[in-house]
Amino acid sequence: LNMCQCGSSRNFFLDSLVDLLNNDKAHVLKLLEKLDSDLDQVGVSDLAFPPSALIGTTTELVEDSSPRHSIAMFRRRQGGVSSSATVAASLPASARGSSNGSIPPIVSRRILCLCSSLCKSSPRVAFSMLLNADGVDECSSESCLDKLLDLFDADQYSKSATNLEQLLSLLEIVVAPLSLLPKEDQDIDLAADRSSPGREWVKVPRVVVSKKRLHSLITTLRLDSCKDSSFLKISTLTRRLCRVEANRDCILHELALVAEGLGKAAILDLKAVSVRLNSAAQHHREKLQRNGDSELLKVSDTSFDNDVFTGTPSSAVSLSTSNSELKLLRVLQMLSSLCAQDDESKSEGNPPEFVSLLQSLNLESLWDQLAVCLKTVSVLEGVADIDVDENQGDGDEEENDKSDEAISGKSGKKLQNSVAGLITRFLPAIEAFFMVNAASPLEEIQSIEQTASAIDKVVQFAANNKILLNALLRSNPQLLEKGLRAMVKMPKCRLFLDFDVKRRWFLTQVRRLRQQASRRHGSFRLNLRRKHVFEDSFHSFIHRNADELRGRLHITFQNEEGVDAGGLSREFFAILAKEMFNPNYALFMSTEDGCTFQPNPNSSINPDDLRYFRFVGRIVGKAVVDGFLLDAHFTRSLYKHMLGVKPTHHDMQAIDPGYYKNLQMILEHNLEDIGLELTFSTEDHSFGRSRTIDLIPDGRNTIVTDETKSRYVDLVCQHRMT
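Computed from a prediction, not measured in an experiment: that's the story for all the values here. (Residues numbered from 1 in each chain as written. Predicted model: local features only at pLDDT ≥ 70, side-chain atom pairs only at ≥ 80, totals over all residues. Heavy atoms only, no water.)

Caption draft 1: Highlighting unusual backbone geometry. Backbone geometry places alanine 586, a non-glycine residue, at a positive phi of 55°. On the secondary structure map, alanine 586 appears in the loop between α30 (567-579) and β3 (588-590). The exposure class of alanine 586 is buried, given its relative accessible area of 12%. (Helix = DSSP H or I, 4+ residues; strand = E, 2+ residues; numbered from the N terminus. Buried < 20%, exposed > 50% of the residue type's maximum accessible area, 1.4 Å probe, protein only.)

Caption draft 2: Spatial organisation of the nonpolar core. Core analysis: the largest hydrophobic core is formed by 110 residues, its most contacted members being Leu148, Leu370, Phe426, Ile430 and Phe434. Top contributing element to this core by residue count: helix α13 (residues 245-291), with 13 residues. Among all residues touching isoleucine 430, those that are not within four sequence positions of it are Leu370, Leu374, Phe461, Leu469, Leu472 and Leu484. (Core = buried A, V, L, I, M, F, W, Y, C linked by side-chain atoms within 4.5 Å. Contact = heavy atoms within 4.5 Å.)

Caption draft 3: Local environment of helix α28 (residues 533-541). When we look at burial in α28, the residues that qualify are Val533, Phe534, Asp536, Ser537, Phe538 and Phe541. As for α28, its buried residues are in contact with β1 (524-528), α29 (546-549), β2 (553-557), α30 and α31 (609-626).

Caption draft 4: Focus on the packing of aromatic side chains. Here the structure, examined in full by the defined rule, presents 21 aromatic pairs. Taken together, a centroid distance of 5.3 Å and an interplanar angle of 80° make the contact between phenylalanine 524 and phenylalanine 541 edge-to-face. Separated by 17 residues along the polypeptide, phenylalanine 524 in strand β1 and phenylalanine 541 in helix α28 bring together distant segments of the chain. For the pair phenylalanine 524 and phenylalanine 541, one class covers both residues: buried. Residues phenylalanine 534 and tyrosine 585 carry aromatic rings whose centres are separated by 4.6 Å and whose planes lie at 40° to one another, so their mutual orientation is tilted. Here the residue phenylalanine 534 occupies a position in helix α28, and tyrosine 585 occupies one in the loop between α30 and β3, the gap between them amounting to 51 residues. (Phe/Tyr/Trp six-rings, centres within 6.5 Å; stacked < 30°, edge-to-face > 60°.)

Caption draft 5: Focus on the packing of helix α24 (residues 466-475) against helix α27 (residues 499-521). One way to put it is that α24 packs onto α27 with a least axis distance of 10 Å and a crossing angle of 35°. In this structure, the crossing between α24 and α27 has a hand that is left-handed. Counting all contacts with α24, which are made through Asn470, Leu473 and Arg474, the residues of α27 involved are Asp500, Val501 and Arg504. Across the contact of α24 with α27, the residue classes break down as two nonpolar, one polar and three charged. (Axes fitted to C-alpha atoms, helices over the stretch in contact; angles between N-to-C directions. Left-handed = near helix turned anticlockwise from the far one by under 90°. Nonpolar A, V, L, I, M, F, W, Y, C, P; charged D, E, K, R; others polar.)

Caption draft 6: Structural context of the pattern of salt bridges. Counted under the stated rule, the structure contains 19 salt bridges. When the shortest N-O distance is used, the salt bridge between lysine 457 and glutamate 364 registers 2.9 Å. Highlighted residues: lysine 457 in helix α23 (residues 448-464) and glutamate 364 in helix α17 (residues 364-380), separated in sequence by 93 residues. Looking at lysine 457, the relative accessible area reads 27%, which means it is partly exposed. On the basis of relative accessibility, which here comes to 37%, the residue glutamate 364 falls in the partly exposed class. Among the ionic pairs, arginine 529 bridges to aspartate 536, the shortest N-O distance being 2.9 Å. Under the relative-accessibility criterion, aspartate 536 is labelled buried at 14%. In the salt-bridge network here, residues are joined through shared partners; they are Arg474, Asp498 and Asp500. (Salt bridge = Lys/Arg side-chain N within 4 Å of Asp/Glu carboxyl O.)

Caption draft 7: Just the pairing of β1, in detail. The side-chain alternation of β1 yields one buried face, formed by Phe524, Leu526 and Leu528, and one unburied face, formed by Arg525 and Asn527. With five bridges connecting them, β1 and β2 associate as parallel partners. Note that in β2 the partner of leucine 528 across the bridge is phenylalanine 557. (Pairing = 2+ DSSP bridges.)

Caption draft 8: Structural context of helix α5 (residues 105-121). When the terminal C-alpha atoms of α5 are compared, their 24 Å separation across 17 residues agrees well with the 24 Å that a helix rising 1.5 Å per residue should span. Along α5, the residues classified as buried are Pro105, Ser108, Ile111, Leu112, Cys115, Ser116, Leu118, Cys119 and Ser121. (Expected span 1.5 Å × (residues − 1).)

Caption draft 9: The confidence of the model for the protein chain, seen in detail. The share of residues in the protein chain with pLDDT of 70 or more is 71%, and the mean pLDDT across the chain is 75. Per-residue pLDDT, averaged within each element of the protein chain, yields its smallest value for helix α19 (residues 397-414) (40) and its largest for helix α11 (residues 211-219) (91). In the model, residues 294-311 has pLDDT below 50 throughout and makes 39 contacts with residues more than four positions away in sequence or in other chains. Below a pLDDT of 50 lies the segment residues 441-449, which in the model reaches nine contacts outside its immediate sequence neighbourhood of four places, other chains included. (pLDDT = per-residue confidence, 0-100.)

See the structure below:
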């Protein structure tokens, strides 16, 4: 390491070691001849050892003063030649070299370890390996980095996971200075730091790697020897090389090509899986035929595919995850991270460059084959029969509710084995599908037709496989924050999530927000007067922000001793649930049945009605977040307003059943037959006064006809329920 402090010695050692790795013996001999010629030109006085430049310098390696090595060396000297011969005889054949004259693999590993140790110990060494050779061989313009990248073409590294990981570890250290590179259009002023004593400032070169070497590096991702650790190292390596714009364009293009190639390999794997699934189903059907089970055989006639039998147990098929599908997902994730690295928009969606790269990929055949496999799994698990029953009862809301309960209840036990076996097998392909097709398409890049087509594809996929996806999310809820987050981000896909899945995701998000709020603000403490709980709580809540309200609630009543272990908080919410519906506040009014409440249209009589409504909303939200039961029941139309869903005239039935019957009569009969003459206006009777309100401009003079009566009903309901 001390000899590497000299520039010429450092370049000689590094070039010699890297040339040995590349089996370039001729260039090593050339370097030695040049070194001999340089030594002949140097005087004898200059050959004194140790050199004056090294006197007083200390090594940066950790010194070990323990005498254990000296004992081993002493014993080795006593052994003589016989011990050396014994060690040489015990070496494996792979460590003794090869027939083509290349260096032994054990020597290659030792050289890589030596280079890694030098680079870790001295940044000068890593910096020198980035630069071209200078002063050692004028004919060579390749740097040590280029020569190390050439090793990916050698079988010794491409077919050995251990050697490949060791080479990638060295390259990761060598290109570490590139992570400090600023953008090409960014200027950094280091005038203040340059005066710091004991520091040497150097300019990190913008190393441009040839397309051939980048191709060799990226195609390594498809090799079987590229394990998880090697994949992470390649990801770090490409991220640092992408700091140079010339390398970035080539790397993104090569990654797209590798993703497309992995997609073709994944198609073959899925076809093989489909054959095995159909074979297992056919075997199970033949077994039932031999046993004479006629009832189950009748079920097979109503299945979607005559070649597949419903109700086959998942244990009949054992499948392993394909490496091509898993690598495809990781390559897509690498593409997304590299595109987001230089994305300045910082939007929630995917970067525009990533979306454009996904458009160039031809993976439609892969998604079609994935749909075939998932359909087969659905039939095997008996999910297809549930879908048929649900489609037949799609006309009535009550029947839909019953079918949903049947799906979540009866099929839940049936899908437990699938989650552990079959469905998890296709998880990488499913995540890749959502990542490619649910990428946020921007209007500047795609036309409206392409945007709608991509969204419809994702929605259709979620609709066809909603039971399998929900079963998968039950077993792994974290997927909603990772690969399947499009099921939450896209409003149309949320409809296919079961309530228990959405509830678990919601509680996870709330728990994370509460933990962050507790670390920042601590507990949310309230000291209240028992006779004025509503007023005191109003003044305490209205001056707090949302982050402060997420803290743990701690209630104390004045002039009362007690520790809030949950009982006082429950009492607090019980009191507020009664007080918020107090008629004296004029905030809510009860419906005809007296069980539900809706906002009072005359709440404006209270000068602070909007602030009180905000306070009531915070109370309800706090109860939901903290998990307390709040005895407050609102109308269905109010919940629809909260969700941004337009209320219908059917929601009027819970508010005013008599008025709902009148509206239903208007829609079902001709206005002339029932003798009604209506206009687009309504009468408001409040505070002893009666006034006419126009539903449309000049509505009191616009007659309602049979063609416009549906619009009249919608406007009246909107006025009554808004």
